[in-house]
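Coordinate analysis (summary)
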Amino acid sequence: MRLARARIQGDRLLDVDIDDGRIVALSPAGSTPAPDHLLDLDGRRLLPGLWDEHVHVRTWAVSTRRIDVRAATSPEAAVALIRAALPGADPGLPVVAVGMRDGLWGGAPSRRLLDEIAPDVPVMVVSSDLHSSWSNAALGRLLGIDLDETGMLREAASFAAATRVESLVADRADAWVLEALAGLGRRGVVGVVDLDFDDAVGAWERRPAPPVRIDAGVYPQHLEAADARGACTGAPINGLARVGPLKVITDGSLGTRTAYCHAPYPGTTGRGVLEVPPDRLVALLRRGAALGLTPAIHAIGDAANALALDAFAEAGVRGRIEHAQLLTETDLARMAALGIGASIQPEHMLDDRDLVARFWGDRAADAFRVGSLLAAGVDVVLGSDAPVTPLDPWFAISAAVTRSRDGDAPWQPWEAIDVATALRVSSRTRIAVGEPADLVALGAEPTPERLRTMPVDLTLVAGGITHSAL
């Protein structure tokens, strides 16, 4: 197959020949005989395909069928949205809402508010950052959990409860996953790192082959299964799916006020939650390295990032930190010196700028550093953390470039990066002979003003068309 008259660099037009999933030739447009199968790009910009480096795939696919309460500004407003959706709920299943942002609510959640609208129907409201949930008494009875008067669960307890609730739709979830992934070509996505909380490797052994590339993460509780499978990072699973990194969650999140920080949260003595102590993290890094698993360590608070870097140094292992949302100047330099990468989600910055002001105000300059990481020499990749933010790499690219959304003033604009850099850190390949034919053709030039709504006219994964608007 040939992609004819592609604009790759500057205004020069090239023909791109593809065979067996790879680029086999690049030539000036029209300079060689045309093959039988030809797509005329008519001067459209051709780029390497885009990756989302941090997705909870099953959770994301299921969340598209949940009640969305992101617009709620109070517990009462969230309850009103849930009450309106109750008549359409699936009988016999818990009612689940997503997108709670209680860190910005004027009032606190209470179990009573949910009990009043659904005394006998289990209800769970999952926070937008996935690190906490709010439930009624009926949900507690269903799962055998004692809920206090707030109805709130945080961190490990919340993850466990949400995983059990998701398991109740397991018979449908695989079909929802494949359907959701099939739509990613419309946004130029060719691959995602699947960091779902359940056994993602086992799930991709069971499911049909995916329509995009998948790197399926391994959590510490699945290390023995990984050992038995010989599941090292990069090992094939099924079609375009392969084994991804070892994922370790060391602290919480800003929205749940559990990110582990050097200083306490305002008005409290709490510094957040350290989920994995340093000696345990070092042991996990070494165990993962012995199995051939590259680590991806969740660290959001500045103290969590410092401890993660300590562990990388002690274990003598390289990998990357997921999020790295609050990072001191000293640790930014250490990160570069140790060769540790950063997997960041720029859209979080725009969702959380008010939370930063409220909870990290005196350290805001250390938050959501993008330009500084790159300037220091840290390898940066972008993602969404979907369903925390939409699985659309153009949102992440736009946020990294403009530091703004919906006409708001740019937030800490000195950390902005240019469009070319944002595109580079959103892909894994190049347009060159021998490279995978993971490609995207745009319907317009990627200027800062149009990034968020960028039209995508063609997407190829391993040479196969996953989306075409030509």
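Residues numbered from 1 in each chain as written. Predicted model: local features only at pLDDT ≥ 70, side-chain atom pairs only at ≥ 80, totals over all residues. Heavy atoms only, no water.

Under an unreviewed UniProt entry, the name given to the protein is Amidohydrolase 3 domain-containing protein, and the source organism is Tsukamurella pulmonis.

1. Thoughts on the overall build of the protein
Helices and strands together make up the secondary structure of the protein, namely 15 helices and 22 strands. The globule rule puts the C-alpha radius of gyration for 470 residues at 23 Å, and the 23 Å found for the protein is close to it. The principal-axis extents of the C-alpha atoms in the protein amount to approximately 75 × 50 × 50 Å. Counting across all 470 residues of the protein, residues that qualify as buried make up 59%. In the protein, the proportion of contacts linking residues at least 24 apart, taken out of those at least 6 apart, comes to 70%. Summing over all exposed atoms, the protein offers an accessible surface of approximately 18200 Å²; the carbon and sulfur share of this is 52%. Measuring between centres, the 46 positive side-chain charges of the protein sit 1 Å from its 61 negative side-chain charges. (Helix = DSSP H or I, 4+ residues; strand = E, 2+ residues; numbered from the N terminus. Rg over C-alpha atoms; globule rule 2.2 N^0.38 Å. Buried < 20%, exposed > 50% of the residue type's maximum accessible area, 1.4 Å probe, protein only. Contact = heavy atoms within 4.5 Å. Areas by Shrake-Rupley, 256 points an atom, 1.4 Å probe, with all protein chains shown as cover. Lys, Arg positive; Asp, Glu negative; His and termini not counted. Charge placed at Lys NZ, Arg CZ, Asp CG, Glu CD.)

2. Some details on the pairing of strand 15 (residues 241-249)
When you tally the buried positions in strand 15, you get eight out of nine residues, the bulk of the element. The pairing of strand 14 (residues 236-238) with strand 15 spans two bridges and is antiparallel. Note on strand 15: the bridge partner recorded for Asn238 is Ala241. Connecting the antiparallel pair strand 14 and strand 15 is a turn made up of two residues, with Gly239 showing a positive phi of about 60°. Pairing geometry for strand 15 and strand 16 (residues 295-299), over four bridges, is parallel. What sits directly across from Val248, in strand 16, is Ile297. (Pairing = 2+ DSSP bridges.)

3. Let's talk about the pattern of salt bridges
Applying the stated criterion across every chain, the model contains 41 salt bridges. Between Arg58 and Asp198 there is a salt bridge, with the nearest N and O atoms lying 3.8 Å from each other. Residue Arg58 is found in helix 1 (residues 57-63), and its partner Asp198 is found in the loop between strand 12 (189-194) and helix 7 (200-206); the two are separated by 140 residues along the sequence. For Asp310, the salt bridge goes to Arg334, with nearest N and O atoms at 2.8 Å. Taken together, the residues Asp310 in helix 10 (residues 302-315) and Arg334 in helix 11 (residues 329-338) connect sequence positions 24 residues apart. Overall, Asp310 belongs to the partly exposed group, its relative accessible area being 37%. Overall, Arg334 belongs to the partly exposed group, its relative accessible area being 25%. Each of Glu53, Asp215, Arg242, Arg320, Glu322 and Arg428 takes part in one network of salt bridges that share partners. (Salt bridge = Lys/Arg side-chain N within 4 Å of Asp/Glu carboxyl O.)

4. What to know about helix 2 (residues 75-85)
Listed in full, the buried residues belonging to helix 2 are Pro75, Ala78, Val79 and Ile82. On an axial view of helix 2, the arc spanned by its buried residues comes to 100°, and they lie on one face. Contact partners of the buried residues in helix 2: strand 7 (67-68), strand 8 (95-100), helix 3 (111-117), strand 9 (123-127) and strand 10 (132-135). (Arc of directions from axis to C-beta.)

5. What about the sheet that holds strand 21 (residues 456-461)?
Strand order in the open sheet formed by four strands is 5-20-21-22, and the pairing between neighbours is antiparallel. Both edges of this open sheet fall to strand 5 (46-48) and strand 22 (464-468), since each of them pairs with a single strand only. Averaged over all pairs of adjacent strands, the angle between strand axes in this sheet comes to 20°, irrespective of strand direction. Of the pairings in the sheet, the one linking strand 20 (residues 439-442) to strand 21 comprises four bridges and is antiparallel in character. Bridged to Leu439 within strand 21 is Leu460. (Axes fitted to C-alpha atoms, helices over the stretch in contact; angles between N-to-C directions.)

6. Description of the domain arrangement of the protein
Here the protein is partitioned into domain 1 (1-43 + 433-469), domain 2 (61-171) and domain 3 (174-432). Taking the mean C-alpha position of each, domain 1 and domain 2 sit 45 Å from one another. (Domains from an automatic or database assignment.)

7. Some thoughts on unusual backbone geometry
Cis geometry marks the peptide bond from Ala386 to Pro387, where omega comes out at 15°. Relative to the elements of secondary structure, Pro387 occurs in the loop between strand 19 (380-382) and helix 14 (393-402). Despite not being glycine, Asp20 has its phi angle at roughly 55°, a positive value. Overall, the relative accessible area of 75% leaves Asp20 in the exposed class. Not every positive phi belongs to a glycine, and Asp406 is a case in point at roughly 55°. With respect to the helices and strands, Asp406 occurs in the loop between helix 14 and helix 15 (419-424).

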